Amino acid sequence: MRKAIFPGSFDPLTNGHLDILERSTPLFDEIVVAVLNNPEKKPMFSVEERCETIREVLKDVDRDGCLLSVESFSGLTAEFARSINASAIIRGIRAVSDYEYELRMALMNRRLEPSIETVFLMAGEEYSYVSSSLMKEVFLLGGRIEGLIPDLVETKMREKLAR
Ligand code: PNS
């Protein structure tokens, strides 16, 4: 049973995240999307809202026989992975600028939990500049981001802004 986690803040989920997730499904029997509970970062969406939206979006994801679920977690990613018996951490790399940060995390996570491997997938080139923070910035300034985030996420962002 190959079980992995796909951790992140997902504030909000982007099509870049979905691309990585969809391309990971043939590699694992089960993937848990692990949503970090990080209230100190003042996220746009609460962890419950993020989990609920991701669960909804995942209904349309090509699963390739892979079991997909969404869970929130606090504390260390490596510890969460171990606690649910995952053997891998999936991360996407967009550009060279991601590499140093990801390398540090992968090495630290390996030190914390030597049995858990970090598996990197290269982001699709069409999403290589897409990040949650850029999506929020452009959206809040009135720019168009359709095609870069799931439609449901855009609807939820509009609802948030209207409130
Ligand atoms: O994709 P993101 O939002 O940059 O995800 C970053 C995330 C959640 C993977 C990272 O911040 C993390 O693992 N946080 C949990 C705390 C932790 O384990 N820190 C040590 C990492 S070596």
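Heads up: the structure comes first, above all this text.
Residues numbered from 1 in each chain as written. Predicted model: local features only at pLDDT ≥ 70, side-chain atom pairs only at ≥ 80, totals over all residues. Heavy atoms only, no water.

Asks: So what's going on with unusual backbone geometry? Residues and values would help.
Replies: That bond from Asp-11 to Pro-12 is cis: its omega, 5 degrees, falls within 30 degrees of zero. Within the fold, Pro-12 resides in the loop between β1 (3–8) and α1 (15–24). Its identity is not glycine, yet Phe-10 carries a phi of approximately 50 degrees, on the positive side. You can see Phe-10 is positioned in the loop between β1 and α1. Here Lys-42, not a glycine, exhibits a phi torsion of approximately 45 degrees, which is positive. Position of Lys-42 relative to the elements: it lies in the loop between β2 (30–36) and α2 (47–58). Its relative accessible area of 74% is what places Lys-42 among the exposed residues. (Helix = DSSP H or I, 4+ residues; strand = E, 2+ residues; numbered from the N terminus. Buried < 20%, exposed > 50% of the residue type's maximum accessible area, 1.4 Å probe, protein only.)

Asks: Now, about the pairing of strand β4 (residues 88–93): what can you tell me, with residues and values included?
Replies: In terms of burial, β4 is largely enclosed, as five of its six residues are buried. With two bridges connecting them, β1 and β4 associate as parallel partners. Across the sheet, the residue bridging to Ala-4 is Ala-88, located in β4. Bridge analysis of β4 against strand β5 (residues 117–122) gives six bridges, and the strand direction is parallel. Opposite Gly-92, over in β5, you have Leu-121 as the bridge partner. In terms of handedness, the path from β4 via helix α4 (residues 96–112) over to β5 forms a crossover that is right-handed. (Pairing = 2+ DSSP bridges. Right-handed = clockwise from strand over helix to strand, strands pointing away.)

Asks: How would you sum up the packing of helix α5 (residues 132–140) against helix α6 (residues 151–162)? Please name residues and give values.
Replies: Contact pair α5 / α6: the axes reach a minimum separation of 12 Å and the direction vectors enclose 55 degrees. Here α5 is positioned oblique relative to α6, judged by the angle of their axes. Seen along the crossing, α5 lies across α6 with a hand that is right-handed. Along its contact with α5, which presents Met-135, Lys-136, Phe-139 and Leu-140, the element α6 presents Met-157, Arg-158 and Leu-161. Classifying every residue of the contact of α5 with α6 gives five nonpolar, no polar and two charged. (Axes fitted to C-alpha atoms, helices over the stretch in contact; angles between N-to-C directions. Parallel < 35°, antiparallel > 145°, perpendicular 65-115°, else oblique. Left-handed = near helix turned anticlockwise from the far one by under 90°. Contact = heavy atoms within 4.5 Å. Nonpolar A, V, L, I, M, F, W, Y, C, P; charged D, E, K, R; others polar.)

Asks: Please give an account of the sheet that holds β5 that cites residues and values.
Replies: Strand order across the open sheet formed by five strands is β3-β2-β1-β4-β5, with parallel pairing between neighbours. Both edges of this open sheet fall to β3 (67–73) and β5, since each of them pairs with a single strand only. The mean angle between the axes of side-by-side strands here comes to 30 degrees, regardless of whether they run parallel or antiparallel. Pairing geometry for β1 and β2, over six bridges, is parallel. Paired with Pro-7 across the two strands is Ala-34, which belongs to β2.

Asks: Which residues make up the side chain of Thr-14, and what values go with them?
Replies: Topologically, Thr-14 is positioned in the loop between β1 and α1. Sequence-distant contacts of Thr-14, defined by excluding residues within four places in its chain, comprise Val-130, Ser-131, Ser-132, Met-135, Leu-148, Ile-149 and Pro-150.

Asks: Can you explain the packing of aromatic side chains? Please cite residues and give values.
Replies: With the rule as written, the count across this model stands at two aromatic pairs. Considering the side-chain rings of Phe-6 and Phe-10, the 5.4 Å spacing of their centres and the 65 degrees angle between planes classify their relative orientation as edge-to-face. For Phe-10, a relative accessible area of 3% corresponds to the buried category. Where Phe-73 meets Phe-80, the ring centres are 5.1 Å apart and the plane angle is 20 degrees; that geometry is what we call stacked. Across this residue pair, the class does not change: Phe-73 and Phe-80 are buried. (Phe/Tyr/Trp six-rings, centres within 6.5 Å; stacked < 30°, edge-to-face > 60°.)

Worth remembering: the numbers are spatial, not functional.
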